[in-house]
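Fold and geometry: a report
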Amino acid sequence: MAYIQFPEDFKWGVATAAYQIEGAVRQGGRGPSIWDTFSHTPGKVLNGDNGDVACDSYHRYEEDIALMKELGVNVYRFSVSWPRIFPEGTGKVNKEGLAFYHRMVDKLLENGIEPMCTLYHWDLPQVLQDKGGWDNRETVEAFVAYSELIFKEFSGKIKSWLTINEPWCVSFLSNFIGAHAPGNQDLALAVNISHHLLLAHGKAVARFRDLDIPGKIGFAPNVTWLEPYSRDQEDVEACRRGMGWMVDWFLDPIFTGTYPAFMVDWFAANQAPLQIKDGDMEWIKQPVDFIGINYYESNVGRHNPQGGMLEVESVDMGYKKTDIGWFINAEGFYNVLTFIADKYGEIPIYITENGICINDGVEDGTVNDQRRIDYLKGHIAAVARSLKSGVNIKGYITWSLLDNFEWAEGYSKRFGIVHVNYRTLERTKKESFFWYQKVIGNSWLEV
Ligand SMILES: CO[C@H](O)c1c[n+]2c([nH]1)[C@H](O)[C@@H](O)[C@H](O)[C@H]2CO
């Protein structure tokens, strides 16, 4: 049996997000978010599920941290619920909300687990959405004020910060495709929102620097790899668009201060012109200390004039699929990581999300999720291969510690290495938990 040894200082972790695990949506002074509204709107979430209770981690965080301690992780990536801090989005601070996160962060630190805080993981205060949400530049300033409060409140306790989780999902998935809250379907709106998200990110980074907060800050784009079905230029260009609006659109502005021209032109040709105000790009291109990469799947793509706004379609090449229907292809993980390193250089990278939807249930007190083990093994091996190729990867954080509220799919889709019984809220460690525990303990992978 061969082994891949990871660097001595390589970090291993698990990730969650506030709306997906906390519950207690009307407790502790929390205000409503766009996901409270969306999940309570009939037809928006499968089976009418919502995050009202979720995994009840607002009350059970100590049990969750005990699981992390047993697992042996050194990093826990979580998100702060903006409406738990500012129930109205701005203005009056909810002290109970701050106290909750202090309790949780203190418990992590007591257990030798480094907190990695995502400031925005999609739960925008509804009051701000009522004023236009991310389409309104005032929301940018509100985000900076919220970020500043959290920076100051947790300075010294939290030293790894992510501004925004997956701005592609917040802009295009939520305001063009419309599958997530608030559920708009308007490309011009989505392009404008994508710009405001980058502006909010850049201004928050600038404030972090001005306040001289100890630690490092980045953001977490979701990425994919689209392999052209053929060498036809049309297929190659279609795949570049499929990656361009997700990867280059959010990384180019931060690393070069400009948007990728091929996407600016494509959006303009689709009546969605990019509107930038003087000085915006200076704010956006604030240097970051690292980037979080969220990767799940890749596809083979080809040009199809009927293939949606981007004129691209996925070709089923017979790859295995997950229980949410995504293709499994660890090769694509290596390809996109090396693409990012080739294009954006030595920037430190944390894999801030990688995982698989496997809906196996509890049998005889455990969950034999061998397919999840196979996926994690292949994708962690791709990380090792990328490291060997010189990609500056500093850690791997799997999604997720717990089965949780999977957005528009509700509780029907399970990503956890710990099973959650949503009736009893009982946690059950899956076989993948014990497999990951061994990988972390040795910081090596058997291949
Ligand atoms: C298309 O996959 C995205 O990169 C992605 C996948 N995921 C995500 N983003 C989100 O950051 C998580 O909140 C989801 O729970 C998780 C699993 O769906």
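- Per an unreviewed UniProt entry, the protein goes by the name Beta-glucosidase and belongs to Sediminibacillus albus.
- Here the protein is described in UniProt, under the heading Catalytic activity (unreviewed entry), as follows: "Hydrolysis of terminal, non-reducing beta-D-glucosyl residues with release of beta-D-glucose."
- As stated in UniProt under Sequence similarities (unreviewed entry), the record for the protein gives "Belongs to the glycosyl hydrolase 1 family."

1. Quick notes on the pairing of strand β7 (residues 222–228)
- β7 sits mainly inside the fold: 5 of its 7 residues count as buried.
- With 6 bridges joining them, β7 and strand β8 (residues 290–303) adopt parallel strand pairing. Residue pairing for β8: V223 is matched across the bridge by Y295.

2. Some words on the site of the ligand
- Not every one of the 13 residues close to the ligand is listed here, only the nearest: Q20, E166, E353, E406 and W407.
- Residue N165 places a side-chain N or O atom 3.0 Å away from an oxygen atom belonging to the ligand.
- Contact between the ligand and Y296: a nitrogen atom at 3.5 Å from a side-chain N or O atom of the residue.
- Computed on the free molecule, the ligand has an accessible area of 410 Å², of which 89% lies beneath the protein chains in the complex.
- Looking at the shell around the ligand, its residues break down into 6 nonpolar, 4 polar and 3 charged.

3. Quick word on helix α9 (residues 187–210)
- Here α9 spans 35 Å end to end across 24 residues, near enough to the 34 Å set by a 1.5 Å rise per residue.
- With 20 of 24 residues buried, α9 lies mostly within the body of the structure.
- The N-cap residue of α9 is D186: its side-chain oxygen and the backbone nitrogen of A188 are 3.0 Å apart.
- Positive phi shows up at D212, right after α9, with a value of about 55°.

4. So, the packing of helix α10 (residues 233–256) against helix α13 (residues 330–344)
- Taken N-terminus to C-terminus, the directions of α10 and α13 make an angle of 40°; their axes are 12 Å apart at the nearest point. In terms of their interaxial angle, α10 and α13 are classed as oblique. Between α10 and α13 the crossing geometry is right-handed. Counted together, R240, M243, V247, D248, L251, D252 and F255 of α10 and V336, F339, I340, K343 and Y344 of α13 form the full contact between these two elements.
- Of the residues in the contact of α10 with α13, the class split is 8 nonpolar, no polar and 4 charged.

5. Section: the nonpolar core
- Of all hydrophobic cores here, the largest spans 154 residues; its most connected members are W161 and I340.
- With 12 residues, the top contributor of residues to this core is α9.
- Setting aside anything within four residues of it in sequence, one finds I340 in contact with V223, V247, L251, I291, I293, G345 and I349.

6. Quick look at the UniProt feature "binding site: substrate" (unreviewed entry) in the protein
- Listed under "binding site: substrate" (unreviewed entry) in the UniProt record, and renumbered for this structure, are Q20, H121, N165, Y296, W399, E406 and W407.
- By the element assignment, Y296 lies in strand β8.
- Owing to a relative accessible area of 12%, Y296 belongs among the buried residues under this scheme.
- Here the side chain of Y296 touches E353 through a polar contact of 2.6 Å, side chain to side chain.
- Assignment of secondary structure puts W399 in strand β11 (residues 393–399).

7. Some details on the side chain of T428
- Within the fold, T428 resides in strand β13 (residues 427–429).
- Setting aside residues up to four positions removed in sequence, T428 forms contacts with V362, G365, T366, V418 and H419.

8. Some points on unusual backbone geometry
- With an omega of 5°, the peptide bond running from A181 to P182 counts as cis.
- Its place among the elements puts P182 in the loop between α8 (167–177) and α9.
- The omega torsion of the bond from W399 to S400 falls at 15°, within 30 degrees of zero and hence cis.
- The topology assignment puts S400 in the loop between β11 and β12 (418–420).
- Even without being glycine, A24 reaches a positive phi, approximately 45°.

Conventions we followed
Residues numbered from 1 in each chain as written. Predicted model: local features only at pLDDT ≥ 70, side-chain atom pairs only at ≥ 80, totals over all residues. Heavy atoms only, no water. UniProt positions renumbered as here; feature names shortened; annotations may be inferred. Buried < 20%, exposed > 50% of the residue type's maximum accessible area, 1.4 Å probe, protein only. Helix = DSSP H or I, 4+ residues; strand = E, 2+ residues; numbered from the N terminus. Pairing = 2+ DSSP bridges. Near = heavy atom within 4 Å. Polar contact = N/O pair within 3.5 Å; in protein donor to acceptor, adjacent residues only side chain to side chain. Areas by Shrake-Rupley, 256 points an atom, 1.4 Å probe, with all protein chains shown as cover. Nonpolar A, V, L, I, M, F, W, Y, C, P; charged D, E, K, R; others polar. Expected span 1.5 Å × (residues − 1). Axes fitted to C-alpha atoms, helices over the stretch in contact; angles between N-to-C directions. Parallel < 35°, antiparallel > 145°, perpendicular 65-115°, else oblique. Left-handed = near helix turned anticlockwise from the far one by under 90°. Contact = heavy atoms within 4.5 Å. Core = buried A, V, L, I, M, F, W, Y, C linked by side-chain atoms within 4.5 Å.

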